[in-house]
Amino acid sequence: MPDLQRLAAHHATALLRFEQENREWFARSVPDRGDAYFADFDTRHAGLLAEQATGLCHFHVLVGPDGAVLGRFNLVDVADGEAELGYRVAERAAGRGLATDGVRRVFALSRQAYGLRRLTAETTVDNAGSLAVLRRTGFTPVGEVSLDGRSGLRFVRELTADD
């Protein structure tokens, strides 16, 4: 079973490999990060760790037994007991329930470690995989959004003591 770990400095190489290997796969359903993201990855990674240290964000990676990053699960814009959840799973790991499991594991961290009560998430209407994960994990659609000019939905999930 892959291990969900809080993002740390030692994840940089494996995380960059994850993003590079899956760039085309991710671009099918979410906006591409652009070349600058990869060219200046070390600085960006250090920036994420600094931001995480403030408590405004909580970044996690799903790490396989071989040390490879299989997914990312991020909580951003943490404020007033709420945060926005974002996630992505490697193409080679898709369809195995890892996204659903990872989201559920983030629920427990959100509630117990970070004191959150509510999570929001957004996805495009044509991202069937992400829509299925959000519905399976108890998110409720609450409105329409535009994501880089694409039709999307906004979801909310109240966290409970059982999470």
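Worth saying up front: this structure is predicted, and the values here are computed from it rather than measured.

Participant: Now, about the side chain of threonine 123: what can you tell me, with residues and values included?
Facilitator: Inspection of the secondary structure puts threonine 123 in strand E5 (residues 118–124). Only 3.3 Å separates the side chain of threonine 123 from the side chain of serine 130, close enough to count as a polar contact. Excluding residues within four positions of it along the chain, threonine 123 makes contact with Ser130, Leu131, Leu134, Leu147, Gly152, Leu153 and Phe155.

Participant: Residues and numbers for empty space enclosed by the protein, please.
Facilitator: Here the structure, examined in full by the defined rule, presents one cavity of 30 Å³ or more. Here the largest cavity defines a volume of roughly 40 Å³. Here the lining of the largest cavity takes three residues from helix H2 (residues 23–27), the largest share from any one element. Split into classes, the residues belonging to the lining of the largest cavity amount to four nonpolar, no polar and five charged.

Participant: Break down unusual backbone geometry for me, citing the residues and quoting the values.
Facilitator: Peptide bonds are, in most cases, trans, and in most cases residues other than glycine have a negative phi. Positive phi values are uncommon outside glycine, yet aspartate 77 reaches one of about 55°. With respect to the helices and strands, the residue aspartate 77 is situated in strand E3 (residues 69–79). At aspartate 80, a position not held by glycine, the phi torsion is positive, near 50°. With respect to the helices, strands and loops of the structure, aspartate 80 is situated in the loop between E3 and strand E4 (82–89). Looking at aspartate 80, the relative accessible area reads 69%, which means it is exposed.

Participant: A description of the pairing of strand E6 (residues 140–147) should follow, citing residues and the corresponding values.
Facilitator: Relative to strand E7 (residues 150–158), E6 runs antiparallel, the two sharing seven bridges. Its bridge partner being in E7, threonine 140 is matched across the sheet by valine 156. Linkage of E6 to E7, two consecutive antiparallel strands, is achieved through a turn of two residues, within which aspartate 148 is found at a positive phi near 55°.

Participant: Let's hear about the side chain of histidine 60: which residues, and what values?
Facilitator: The residue histidine 60 is located in strand E2 (residues 58–63) in this model. A distance of 2.8 Å separates a polar atom in the side chain of histidine 60 from a polar atom in the side chain of tyrosine 114. Not counting residues up to four positions away in its chain, the partners in contact with histidine 60 are Leu4, Gln5, Arg6, Leu7, Gly71, Arg72, Phe73, Asn74, Leu75, Leu109 and Tyr114.

About the cut-offs
Residues numbered from 1 in each chain as written. Predicted model: local features only at pLDDT ≥ 70, side-chain atom pairs only at ≥ 80, totals over all residues. Heavy atoms only, no water. Helix = DSSP H or I, 4+ residues; strand = E, 2+ residues; numbered from the N terminus. Polar contact = N/O pair within 3.5 Å; in protein donor to acceptor, adjacent residues only side chain to side chain. Contact = heavy atoms within 4.5 Å. 1 Å grid on protein atoms, 1.4 Å probe; cavity = no way out; pocket = protein on both sides within 12 Å on 5 of 7 lines; lining within 4 Å. Points joined across faces, edges and corners; volume = space filled by probe spheres on them. Nonpolar A, V, L, I, M, F, W, Y, C, P; charged D, E, K, R; others polar. Buried < 20%, exposed > 50% of the residue type's maximum accessible area, 1.4 Å probe, protein only. Pairing = 2+ DSSP bridges.

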